[in-house]
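This is what each chain is made of:
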Amino acid sequence: MYAVWVAALLLMTTISPIWADRPMVVYAQQGGSIQLPTKEKAKTGSYMTWYFGIQENNITVEVYNKHGLGQISTNNNWKDRISVSDKDDSLIISKVTASDFGFFRYEQKERQSTTVNIVYKLCKVTLTPPLTVLYGEPLTLNCKMEEKSKFTKITWIPPETVDDTRRKLCTISTSPNLQITNLSWRDKGVWTCSVIYNGTTTKATTTIHVVDLLPTPSEPIYTSTASSLGLPCSISSPVGWGEVLGKGLQKGGWTFLPAALRSGEPGQIASLSLNSTPRWDIMPNRMDGSALEKGHKGNDLSLRMKVVTVADRGNYTCALNFQKVKLERTVRVEVLQVVASPSPRAFEGQQLNLTCTLGYSLDPESELEVKWTPPKAVSLPALASTPHPHTLSVEASVGHSGRWKCELRKRNETLTSADVSLKIEKLPVDVWLCVGIASTGLIVILLIFIASALINRRRQQRTQRRKTRFCCCKNPKPQKGFYRT
């Protein structure tokens, strides 16, 4: 029994140095950065050196050296890419190249005797190279490692824009292969494969470009008459126009459905030229599509209205038609207008109505309110409290002349504003004279008519009192003398 224990002890003693000298595996992605960890910082006065070699038995190239007196020297071939942590002397390598994958050795010496000797093997981890995919297509990401161990742990980190379902999938997946289906603009960006081994974490990344349209605002775009307006639409990822065409693009365009129609077939306002250089063919001249030509690689599909009118109220749809899928986004435009009735120009004393409107009555549940800003020194009882009414009734005076501004607000935020300029004038003297003469003439005529009526009535009354009544018979007989009836 004693012999067995002795043999086991001798075997362990023989194998232990092999275990102790076994290289520590550390993973890195080409082009990324990595930190080779140490246990503690070198003691003051001791020598610290980092070596590199392609083979384990030939780690002789001195990369970094710190003399016991504090002098530091760095290999010229590594000078711009390495540094050493002040905390524990860990070697930090940035922009890892293909020639960096090999063996590193960390060495500490005190009085010419080696006290610390750690060997590292820098292994490559690769992730699927950057890809461009079309909306709705599937994708598989592969995280490959050299000398993978059963103790290696893999986790996936998606872009921040992914939805909760996608994030949950990444959380529970520990496989080096990640299956992604139904890609959308939310999945664009940097995907990360995190490799944890021997207490060190290495992150390999790749960028996924998704050909999709970014979402348009959920709320309407509010603007006002006589202003300019941008209609937003853009491809979700900064890919080249050739890549978009390569996904089977057949046509693209903008359509418009006026708010007055409410339903029906929208009209075409711009069509996409499918040449090697993207360009909009625009129907109305007041539209500007130069953003497509000036933007980054032809990803900005936005249009711009030079001057907005009330006829521009409605829904604008941006669409791209591919062989397999149709992408479209709709923008609703609301145009604010201030209407002065009967006219912005009036005479003093005339009644005016100022209406701030989007073309329909505002729903109280929409939380939309208006705020009027009249010219200076104008005070109206209707503006004493908020919210202000949509329509103001004003008895025109010269002091009301000027710019009347109406702001459309929601939750104390101004969405847009419109204004109208009133010009109130005093009635001219000749007008007052004509009015006075006409009024006097009417009064005189009325008095004459009343006097004439009274005189005629009085004459009729006198005639009736003086009139003598006689008896009229069918066969009158002659009488002698006279008699009174």
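Every value quoted in this text rests on a predicted model; they were computed, and no experiment measured them.

About the cut-offs
Residues numbered from 1 in each chain as written. Predicted model: local features only at pLDDT ≥ 70, side-chain atom pairs only at ≥ 80, totals over all residues. Heavy atoms only, no water. Helix = DSSP H or I, 4+ residues; strand = E, 2+ residues; numbered from the N terminus. Buried < 20%, exposed > 50% of the residue type's maximum accessible area, 1.4 Å probe, protein only. Areas by Shrake-Rupley, 256 points an atom, 1.4 Å probe, with all protein chains shown as cover. Disulfide = S-S within 2.5 Å. Pairing = 2+ DSSP bridges. Axes fitted to C-alpha atoms, helices over the stretch in contact; angles between N-to-C directions. pLDDT = per-residue confidence, 0-100. Contact = heavy atoms within 4.5 Å. Core = buried A, V, L, I, M, F, W, Y, C linked by side-chain atoms within 4.5 Å. Salt bridge = Lys/Arg side-chain N within 4 Å of Asp/Glu carboxyl O. Polar contact = N/O pair within 3.5 Å; in protein donor to acceptor, adjacent residues only side chain to side chain. Patch = residues over 30% accessible without salt bridge, like charges linked within 9 Å, V, L, I, M, F, W, Y side chains within 5 Å. Phe/Tyr/Trp six-rings, centres within 6.5 Å; stacked < 30°, edge-to-face > 60°. Lys NZ or Arg CZ within 6 Å of the ring centre and 35° of its normal.

Enquirer: Please give an account of the overall build of the protein chain that cites residues and values.
Expert: Helix and strand content of the protein chain: five helices and 30 strands. When each of the 485 residues of the protein chain is scored for burial, the buried share is 36%. About 30,200 Å² of surface is accessible on the protein chain, with carbon and sulfur atoms providing 53% of the total.

Enquirer: Explain the state of the cysteines to me, and be specific about the residues and the numbers.
Expert: This model, assessed by the stated rule, comprises three disulfides. Disulfide pairing places Cys-233 opposite Cys-318 at an S-S distance of 2.2 Å. Taking the sign of the torsion about the S-S bond as the criterion, the disulfide between Cys-233 and Cys-318, at about -65°, is left-handed. Taken together, the residues Cys-233 in the loop between β17 (229-231) and α3 (241-246) and Cys-318 in strand β23 (residues 314-322) connect sequence positions 85 residues apart. Judged by its relative accessible area of 1%, Cys-318 is buried. Here Cys-356 engages in a disulfide with Cys-406; their sulfurs sit 2.0 Å apart. Taking the sign of the torsion about the S-S bond as the criterion, the disulfide between Cys-356 and Cys-406, at about -90°, is left-handed. You can see Cys-356 sitting in strand β26 (residues 351-357) and its partner Cys-406 sitting in strand β29 (residues 402-410), a full 50 residues away along the chain. Per residue, the accessibility class of Cys-356 equals that of Cys-406, and both read buried. Numbered by order of appearance in the sequence, the disulfide-linked cysteines of the protein chain pair as 1-2, 3-4, 5-6.

Enquirer: For the pairing of strand β4 (residues 61-66), give the residues involved together with the corresponding values.
Expert: Strand direction decides the pairing type here: strand β3 (residues 47-53) and β4, joined by five bridges, are antiparallel. What sits directly across from Trp-50, in β4, is Tyr-64. Direction of pairing for β4 relative to strand β5 (residues 72-74): antiparallel, over a ladder of three bridges. When the bridges of β5 are listed, Tyr-64 appears paired with Thr-74.

Enquirer: Mind laying out the sheet that holds strand β27 (residues 368-373), listing which residues take part and the relevant values?
Expert: On the basis of which strands lie adjacent, the open sheet formed by four strands has the order β25-β30-β29-β27 and mixed pairing. With one partner strand each, in any of the chains shown, β25 (345-347) and β27 form the two edges of the open sheet. Adjacent strand axes in the sheet meet at a mean angle of 30°, parallel and antiparallel pairs treated alike. In the sheet, β25 pairs with strand β30 (residues 413-425) via three bridges, with the strands oriented parallel. Note on β30: the bridge partner recorded for Ala-346 is Ile-424.

Enquirer: Please provide a residue-by-residue account of the confidence of the model for the protein chain, values included.
Expert: Looking at the protein chain as a whole, its pLDDT mean stands at 84, while 88% of the residues score no less than 70. In the model, residues 1-20 has pLDDT below 50 throughout and makes zero contacts with residues more than four positions away in sequence or in other chains.

Enquirer: Explain the nonpolar core residue by residue, including any values.
Expert: Among the nonpolar cores identified, the biggest contains 33 residues, and Leu-231, Trp-254, Leu-301, Tyr-316 and Phe-322 are the most heavily contacted of them. When residues of this core are traced back to their parent elements, those giving at least two are β17, α3, β18 (249-258), β19 (267-273), β22 (303-305), β23 and β24 (326-341). Of all hydrophobic cores here, the second largest spans 26 residues; its members include Leu-358, Leu-362, Cys-406 and Ile-424.

Enquirer: Tell me about the pattern of salt bridges, residues and numbers included.
Expert: A full pass over the atoms with the stated rule returns 16 salt bridges. For the salt bridge of Asp-89 with Lys-41, the shortest nitrogen-to-oxygen distance reads 3.3 Å. In this pair, Asp-89 sits in the loop between β6 (82-84) and β7 (91-93) while Lys-41 sits in the loop between β2 (34-36) and β3, placing the two residues 48 residues apart along the sequence. On the basis of relative accessible area, Asp-89 is assigned to the buried category, the value being 2%.

Enquirer: Quick one: what's the story with the side chain of Thr-38, residue by residue and with numbers?
Expert: Along the chain, the position of Thr-38 falls in the loop between β2 and β3. With near-sequence residues (within four places) excluded, Thr-38 lies in contact with Trp-50, Asp-88, Asp-89, Ser-90, Tyr-106 and Tyr-120.

Enquirer: Please give an account of the side chain of Asp-312 that cites residues and values.
Expert: Mapped onto the elements of the fold, Asp-312 is located in the loop between β22 and β23. A polar contact of 2.8 Å, which involves the side chain of Asp-312, links it to the backbone nitrogen of Thr-309. With sequence-adjacent residues up to four places away left out, Asp-312 is seen in contact with Phe-256, Arg-286, Met-305, Val-307, Val-333 and Val-335.

Enquirer: Which residues make up a nonpolar patch on the surface, and what values do they have?
Expert: Taken together, the side chains of Ile-443, Leu-446, Leu-447, Phe-449, Ile-450 and Leu-454 define a hydrophobic patch exposed on the protein surface, amounting to about 640 Å² of accessible area. One can find Ile-450 in helix α5 (residues 429-466). For Ile-450, a relative accessible area of 40% corresponds to the partly exposed category.

Enquirer: Residues and numbers for the packing of aromatic side chains, please.
Expert: This model, assessed by the stated rule, comprises seven aromatic pairs. Centroid distance Trp-50 to Tyr-120: 5.4 Å. Interplanar angle 35°. Geometry classified as tilted. Highlighted residues: Trp-50 in strand β3 and Tyr-120 in strand β9 (residues 113-127), separated in sequence by 70 residues. Joined through ring pairs, the aromatic side chains of Trp-50, Tyr-106 and Tyr-120 make up one cluster. For Arg-81, the ring lying beneath its charged end belongs to Trp-78, and the centroid distance is 5.2 Å.

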